[in-house]
There are 4 protein chains.
Amino acid sequence: MTITSPAAPSAESPSTAPFAVADLSLAEAGRHQIRLAENEMPGLMALREEFGPTQPLAGARIAGSLHMTVQTAVLIETLVALGAQVRWASCNIFSTQDEAAAAIAVGPNGTADAPAGVPVFAWKGETLTEYWWATSRIFDWSAEAAEAGGDWTGPNLILDDGGDATLLVHKGVEFEAAGSVPAAAEGDSEEYRVILDVLRRSLSESDDRWTRISRDLLGVTEETTTGVHRLYELHRDGDLLFPAINVNDSVTKSKFDNKYGIRHSLPDGLNRATDVLIGGKVALVAGYGDVGKGAAEALRGQGARVIVTEVDPICALQAAMDGYQVARLESVVGDVDIFVSGTGNKSVITTEHMLAMKHLAIVANVGHFDNEIDMDGLAHVDGAERVEIKPQVHEWRFPTGRSILVLSEGRLMNLGNATGHPSFVMSNSFTNQVLAQIELYTRREEYPIGVYVLPKHLDEKVARLHLDALGVELTELTPEQAAYIGVPTDGPFKVDHYRY
Amino acid sequence: MTITSPAAPSAESPSTAPFAVADLSLAEAGRHQIRLAENEMPGLMALREEFGPTQPLAGARIAGSLHMTVQTAVLIETLVALGAQVRWASCNIFSTQDEAAAAIAVGPNGTADAPAGVPVFAWKGETLTEYWWATSRIFDWSAEAAEAGGDWTGPNLILDDGGDATLLVHKGVEFEAAGSVPAAAEGDSEEYRVILDVLRRSLSESDDRWTRISRDLLGVTEETTTGVHRLYELHRDGDLLFPAINVNDSVTKSKFDNKYGIRHSLPDGLNRATDVLIGGKVALVAGYGDVGKGAAEALRGQGARVIVTEVDPICALQAAMDGYQVARLESVVGDVDIFVSGTGNKSVITTEHMLAMKHLAIVANVGHFDNEIDMDGLAHVDGAERVEIKPQVHEWRFPTGRSILVLSEGRLMNLGNATGHPSFVMSNSFTNQVLAQIELYTRREEYPIGVYVLPKHLDEKVARLHLDALGVELTELTPEQAAYIGVPTDGPFKVDHYRY
Amino acid sequence: MTITSPAAPSAESPSTAPFAVADLSLAEAGRHQIRLAENEMPGLMALREEFGPTQPLAGARIAGSLHMTVQTAVLIETLVALGAQVRWASCNIFSTQDEAAAAIAVGPNGTADAPAGVPVFAWKGETLTEYWWATSRIFDWSAEAAEAGGDWTGPNLILDDGGDATLLVHKGVEFEAAGSVPAAAEGDSEEYRVILDVLRRSLSESDDRWTRISRDLLGVTEETTTGVHRLYELHRDGDLLFPAINVNDSVTKSKFDNKYGIRHSLPDGLNRATDVLIGGKVALVAGYGDVGKGAAEALRGQGARVIVTEVDPICALQAAMDGYQVARLESVVGDVDIFVSGTGNKSVITTEHMLAMKHLAIVANVGHFDNEIDMDGLAHVDGAERVEIKPQVHEWRFPTGRSILVLSEGRLMNLGNATGHPSFVMSNSFTNQVLAQIELYTRREEYPIGVYVLPKHLDEKVARLHLDALGVELTELTPEQAAYIGVPTDGPFKVDHYRY
Amino acid sequence: MTITSPAAPSAESPSTAPFAVADLSLAEAGRHQIRLAENEMPGLMALREEFGPTQPLAGARIAGSLHMTVQTAVLIETLVALGAQVRWASCNIFSTQDEAAAAIAVGPNGTADAPAGVPVFAWKGETLTEYWWATSRIFDWSAEAAEAGGDWTGPNLILDDGGDATLLVHKGVEFEAAGSVPAAAEGDSEEYRVILDVLRRSLSESDDRWTRISRDLLGVTEETTTGVHRLYELHRDGDLLFPAINVNDSVTKSKFDNKYGIRHSLPDGLNRATDVLIGGKVALVAGYGDVGKGAAEALRGQGARVIVTEVDPICALQAAMDGYQVARLESVVGDVDIFVSGTGNKSVITTEHMLAMKHLAIVANVGHFDNEIDMDGLAHVDGAERVEIKPQVHEWRFPTGRSILVLSEGRLMNLGNATGHPSFVMSNSFTNQVLAQIELYTRREEYPIGVYVLPKHLDEKVARLHLDALGVELTELTPEQAAYIGVPTDGPFKVDHYRY
């Protein structure tokens, strides 16, 4: 592995090395942060202790596509500690923390000259071409195969966040079967054109590369709503090529990541972006799912008056029972100081809404894509002017004389203006990921092609591994009590449809 | 229907009339309360408005077995308003509110001499014999059959709370098939002996009464965890005789009844029982399911410091994330002023625990049966003395010189020391019941024998019917938004496993 | 002391005995409750332990005028335990708990035939004539004087709640100086006429009775806002006859009694009165002083959405900072389910407001007098009808077709519908009272005529005596720390104007 | 005014120009931020509107010594808008925001070549010598005097934060009276030596400079606890040279700044410093005054379990009543994840405590000086190693193998790790400052030498000016209501000792 600059790979010469460090200070800074993060990721550290001796992932070759952050570094090193070989790319062009990538590339015991870490294909601020080049590189295990004398060319497991790695394999197989990669159609996005280019080049080099890769794959573990949605669609249509574990719907992922993660990072992002006092303000939270519940709790906890908007009458009733006003956005738009969108739907905050807001109202999205807020419409408002206050904070000045502040250009502000979910939350999600990888690798016969959620006893295990760090004492059922409610003394304790 | 005294039916002459009123003042008092309750039960009132004109329950003969309270009165009159004929018994020997029973028996337009209401077989403080006599009477529709020239003898629907009515039919059919009712076995409870007596008498009068009743039954709707559990067992064993709708697991039942109902009635019961300041006290909540979540929130809302005990690591982690100390009861027993059990398990608070408590610690159960607290063990503590402070509040004096206060003799204190769930909560549960009855009656072909939860769109409908009363404005999806997330514009909005 | 019936003293024969018990069961019931209350009144019990041996109140003759409740019983027995002789009347015609009065009259070791308690002139439901007769009787210490061979005829201390006992002395002295009691003037209240009658009769019996009593008085301790207000006015006008300690403005009285007492008893009263679910409702709290702060916190803690009204911009800003909507009552009157008045002002909720409310809106006062709500205007609404739902709960039906529910006829509903402040709160107030009595009695030379608040070190002592019961560990300043902030190591810790 | 570099003034040539900008981009960035801050400082903006036309500060020459931040820029421009001339220095060597200083120096309509703003002597990272040079420069009004033909040399008002400007005058006068500046004594701090140097040079130039300045001073307005404390001491000792208004004890300063300011900035600082999830953690708050109350509320609002330590039994009881565990630090030190000190005392967190903490426990001070945490002791722990994680975040590694994280080197972390109080909070404090300046200037005859708090009607006015921005509707008393409680209809509404 050549250790050069992180900017080395480029569209023009995209076949160069993975993430590389010009000097070690970046890697050292990353190593500090990894060490602190380990203290906040007790689930992963407990897995190292429990499974380190037995090496359940020995022989596993994991292609990872997930934000290359400090927390992910702890995940990667946990996979390695359990015996796996790993190659990694980010799943987002902006989300890589270069110091984390550097530290992982160098490894805990490596040096700049003799890196002993994991090949990482990720740096902050990739182009789309670079991004898909990086993603394709996590499937190229020829060096490892050569070294091990293996007859394979790719990974045997995918660890996915958003489904891009999975998509690449499926599209690759599809086009290899067709014998050609189609030309881009008129409505195709820029990104899809890049994907077609990557696969066209691949097909020109090999007519069965992805097909062979696909055959070796024992499965994928996926942790996003979007990625899981695609997997269910693929399976419904009979197109899924390998088993998939839906990590997203583990209670310890969905409830914790969404509710407690947002409760933490929403006010953090608001503060870093604006320094505006939240107390006393009127805040509107669009959507009262787990994200909205966490957002509303955080804002109330800072002394804001929270108004909720909802389309689902059950969630609306929950919001009312929790003491929030529930209103249509139109009814209250002129009273609100802070707008927070957390729905997963589009056009939740429209241009019309934005034009009717108070002067310097803040517009923030913690839901999903940037289309929750009509950024496109905003860009086309006659006479509107966009002024950058600082990176990720823009004032939009309207001809009405009023302005609004839009955070992170309408994208997820807990990532753009804050630092995303804290390590402890990610420890829950990632412990699910590791357990899912172990499931697929060690109990592969129990997972024919399909989409699975983790069994409840593993979901409970994830929780269990995070209790000591919080000083939680767990009570144990007596055998008599367990028999009385008809469960094993050590769980699982609930029926599958239990709502928590 | 003869209008005499509510105490008239007795073990000695159990075939006498249903609930009856000696004078009208009781019924009038009940009518006042019903009128106030209607204002708090918007779901039921909305159903009257929506379905009154089309009478979807015309022809339905409903046998109801559910606490005969003011709220149930509003339920009964809703069923009648939708066209049903109804006969009613309570599902608990203590829970009848006599004024509600009287008002229902007389009916909104009846008089003591010419009652125009519903036959009600329920009064406060029944014996077990009286209770099962009353339950059997809701299956005797001979008078109605005679009047209508019908060829049936029983109901065509059961509305159940706890499963006693359903049990009676199943046992009746079983013994009729066997040709005899067995003698009570040694370990049989007193209550089961009473049931055997009832069915023995029935069999001596008719060898196919319950079999014929069973054949006419389109199904049962059941709203308790216990009752639902029995139904699933019956179905699993192939013994279920008719379809059943599990109302208990509607979100608008389980989440609202358990969480928001307990949040209301726990402090209410503590206050009425003890008048002890909750603020500043240390309170322990055993169990952090929906009941425990509601209990903990209520106690914190009054300024108590709350400690949670849990066996399920996921719920334990939730409690920690919500800011509560999670400990084993043994670790903190001497620090706690108020113990609240809400687990649904047995022996949660043991005799040993109680002997170690602070002087005059309060012990309260909002979980399930009185065996959550080891009342039996308590009764056998050497030298312990039980002093009644007032009804449902007992001081147990220990030889240690310390005492504890046990509420409602270890039974549900939100019923025993307070007045149970408030009307608005029951409106949610009962609106589910009515919709379930309509489902079974009008769409019977879609419900072959089995146990069903209400379809999500009806669960959402229940919520929807309660929004106006709280001033909630619901947002509507645009067709584009609905398409974007792949749901109809008017719902259902969530996948079945969504956890709320 | 003759032990007869509590109803024995009457307007016709007002010179009969104090509270008396026909049989002992009432006293025994009261004794049970006193024993439980002692556990919740750690401040008073600690005073017994600290001061019992030294008897600082030996020789003190205390005339008490304060609600004769179970909590007051613990206060009285504390005064006795510190050496005082006591005579007692209630300060409200309705507030006496007869079982507490009976238990106090009998005394812990007395019997019905040989009562060994304190002369108590109080029973539930006195007439005004009876009330003022009872108040006058606590000044008649002739029996005690005779027994002790004392040359006095009255008490040497007053313990007052509302200032009635103090008023009687001042008016008595005034009229004795004038030589006659004036006839009632046209606008005089019925109650003032009764007072004039009492004093006219007194003057006819002795021309210097009150003057002599006044001379012996070392002072009064007063615990209400109203009573304290009168004392400051008397002193300002040069009319105050003896020193007064303002117990009301101790932090451990005003903050605790108002904020934490109301937080407890407001929802308690709402529940007992109406059983209406508070969760999800819109509640309006008029006034955001300590009472309003406690009320708002309680309602939010039960899941209500709280709107505050305020006239003071500082308190209004506090409410906003605490996350509440602050609005004028007129702006939101039609949205509110529960109205709570806690201002201490009059006409806060007007007839116009009430006519505009939602059907069955609840109107409750926890502020001061019943004129916070315009009950008089309500009684004069054309066509309005008042229906008693149950005692202290009235439906007012308006010609509009809507009704409202008025609790406790507009008087303090935490007393009328609930049981007033819980023992722990009263323990704070009463510990202040006892310390104030000790101050006046043992350090009389430091209190020339004037109105005083308790020195801060005693206020802190009151708090200190309540910590152990709550498991609070207090930190101690090191001498270096104390010197650094310029306070003694054991306090007082704050400047006098500190706001807590 | 020469516009050169901000670093121009130095110890060697300390007589050079005030803050100066090399290019305008810094000033432009500051201007953007000032504009946004104005929206969050409605009190100051309202003063401009109310008093702009009448120019009450025309003729006022204000020497300001207060952190030169964006918020202070809005304050300065408000003073100017009311007619004042202003010279400004920071009151802290680190707290200047250079872009704010630049914008103020240039002025809203100035240019780099033709600055039209206020002379500002402040930049981020001054030395002590530079700091006191800058402070002395705000007293040099010779240029202004020359331009106006005035016979004065100094300001006629001081606006102070911490008392440094006031100290300089008092010391200057003292030494001029003595005729010499003493040599530094052995224990004198480095800072005091710098002050002596400044005054020694002054005395060598003029023997009555400070005496003449002092004579012209109408007074000082001071907003810190420490500064106010010094003023009371000076006055007690008969040394105060001019009247002082204690702005610190306005309710709208102390309660808002301390409670709501800390509620905002404590979690902000924790997040920026560590990104550690607060939810589920155990947090200890030392001190339950206004700062502690805000801190505890913020941490609970993020889902932490909060333990409070207190020395004052009243505040301890409040903490218990608010539902917090109250313990001695020693009792719980090993369970706590986040330590927050907010006492105003020293040695609250000792070296012994720190050595006993959990691995990577966080130590943060929001109280007062850095001696709340024994930083000195920490530096002397044998074998301890200090590792900078990032600026203001240090890991201290102990020989025990455990580490702790110390924020802002023990100084105020809401300043060091976050951005201090948000604009809205400062708007309250600064509106008090402006009103106090107007009082001293326009009603000087009512303020003989002494220390005063602002009259309550002005405190209420400050609150009032912040209500509209929060959408608060204030209720107005009717004349009848005002008379009933004995206050004017437009306030003041409370007695002086009211605690809010």
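Naming follows an unreviewed UniProt entry, where chain A appears as Adenosylhomocysteinase of Labedella populi. The annotation that UniProt attaches to chain A under Function (unreviewed entry) is "May play a key role in the regulation of the intracellular concentration of adenosylhomocysteine." Listed in UniProt under the heading Catalytic activity (unreviewed entry), the comment for chain A reads: "S-adenosyl-L-homocysteine + H2O = L-homocysteine + adenosine".

Caption draft 1: Seen up close, the overall build of chain A. In terms of regular secondary structure, chain A is built from 20 helices and 15 strands. For 500 residues, the compact-globule estimate of 2.2 N^0.38 gives 23 Å, and the C-alpha radius of gyration of chain A, at 24 Å, lies within 12% of that figure. Seen along its three principal axes, the alpha-carbon backbone of chain A occupies a region of about 70 × 70 × 50 Å. In chain A, the share of contacts with a sequence separation of at least 24, taken over all contacts with a separation of at least 6, comes to 71%.

Caption draft 2: Region of interest: the relation of the copies chain C and chain D. Take chain C, turn it by 180°, move it 0.0 Å along the axis, and it overlays chain D with an RMSD of 0.0 Å. What we have between these two chains is a two-fold relation. Considering only C-alpha atoms, the part of chain C nearest the rotation axis is R499(C), at 2.2 Å. The overlap is high: 98% of the interface residues of chain C also sit at the interface in chain D, so the same surface is used on both sides.

Caption draft 3: Focus on the domain arrangement of chain A. Segmentation of chain A into domains returns domain 1 (24-217), domain 2 (260-417) and domain 3 (456-485). Computed over C-alpha atoms, the centres of domain 2 of chain A and domain 3 of chain A are 38 Å apart.

Caption draft 4: Fine view of the interface of chain C and chain D. Listed per partner, the contact involves 63 residues of chain C and 62 residues of chain D. A combined buried area of about 5700 Å² lies between chain C and chain D, and 58% of that area is made up of carbon and sulfur atoms. Put simply, chain C and chain D have two salt bridges between them. A salt bridge links K494(D) to D312(C); its shortest N-O distance comes to 2.8 Å. Applying the counting rule to chain C against chain D returns 32 residue pairs in polar contact (both at pLDDT 80 or more). Those elements giving two or more residues to the side of chain C that touches chain D turn out to be α11 (251-274), α12 (290-301), α13 (313-321), α18 (423-442), α19 (456-464) and α20 (479-485) of chain C. Partitioned by chemical class, the residues of the side of chain C that touches chain D number 27 nonpolar, 17 polar and 19 charged.

Caption draft 5: Region of interest: the sheet that holds strand β4 (residues 157-160) of chain D. Residues and elements named next belong to chain D. Pairing is parallel in the open sheet, where seven strands are placed in the order β3-β2-β1-β4-β5-β6-β15. Edge positions in the sheet fall to β3 (120-121) and β15 (451-453), since each has one partner strand and no second. Inspection of the sheet shows strand β2 (residues 85-89) paired to β3 by two bridges, in the parallel sense. Note that in β3 the partner of W88 across the bridge is V120. Of the strands in this sheet, β1 (61-65), β4 and β5 (219-222) touch helix α7 (residues 164-178), which is tilted by about 135° from β4.

Caption draft 6: Local environment of the UniProt feature "binding site: substrate" (unreviewed entry) in chain A. Residues and elements named next belong to chain A. Residues annotated by UniProt as "binding site: substrate" (unreviewed entry) correspond here to T69, D161, E223, K253 and D257. With respect to the secondary-structure elements, D161 resides in the loop between β4 (157-160) and α7 (164-178). Of the residues examined, D161 reaches a relative accessible area of 11% and is grouped as buried. With residues near it in sequence (within four places) discarded, D161 still touches S65, L66, H67, C91, E222, E223 and T224. For K253, the location among the structural elements is in helix α11 (residues 251-274). At 3.2 Å, the side chain of K253 and the side chain of N248 are in polar contact.

Caption draft 7: Seen up close, the interface of chain A and chain C. If you look at the interface, chain A gives twelve residues, while chain C gives twelve residues. On inspection of chain A and its partner chain C, the count reaches zero salt bridges. Taken together, the residues that form the side of chain A that touches chain C break down as five nonpolar, five polar and two charged.

Caption draft 8: Molecular detail of the pattern of salt bridges. Under the defined criterion, the tally for this structure stands at 95 salt bridges over all chains. Within the structure, one salt-bridge network assembled from shared partners comprises R35(A), E395(D) and R397(D).

Caption draft 9: Up close: the confidence of the model for chain A. All names here are of chain A. Averaged over every residue, the pLDDT of chain A is 94; the share at 70 or more is 95%. Note on residues 1-16: pLDDT under 50 across the span, and 31 contacts to partners over four residues away in sequence or across chains. Complex prediction metrics read pTM 0.95 and ipTM 0.95.

Reading the values: rules and limits
- Residues numbered from 1 in each chain as written.
- Chains lettered and ligands numbered in written order.
- Predicted model: local features only at pLDDT ≥ 70, side-chain atom pairs only at ≥ 80, totals over all residues.
- Heavy atoms only, no water.
- UniProt positions renumbered as here; feature names shortened; annotations may be inferred.
- Helix = DSSP H or I, 4+ residues; strand = E, 2+ residues; numbered from the N terminus.
- Rg over C-alpha atoms; globule rule 2.2 N^0.38 Å.
- Contact = heavy atoms within 4.5 Å.
- Least-squares fit on C-alpha atoms with pLDDT ≥ 70 in both.
- Domains from an automatic or database assignment.
- Buried area = accessible area lost by both parts, 1.4 Å probe.
- Salt bridge = Lys/Arg side-chain N within 4 Å of Asp/Glu carboxyl O.
- Polar contact = N/O pair within 3.5 Å; in protein donor to acceptor, adjacent residues only side chain to side chain.
- Nonpolar A, V, L, I, M, F, W, Y, C, P; charged D, E, K, R; others polar.
- Pairing = 2+ DSSP bridges.
- Axes fitted to C-alpha atoms, helices over the stretch in contact; angles between N-to-C directions.
- Buried < 20%, exposed > 50% of the residue type's maximum accessible area, 1.4 Å probe, protein only.
- pLDDT = per-residue confidence, 0-100.

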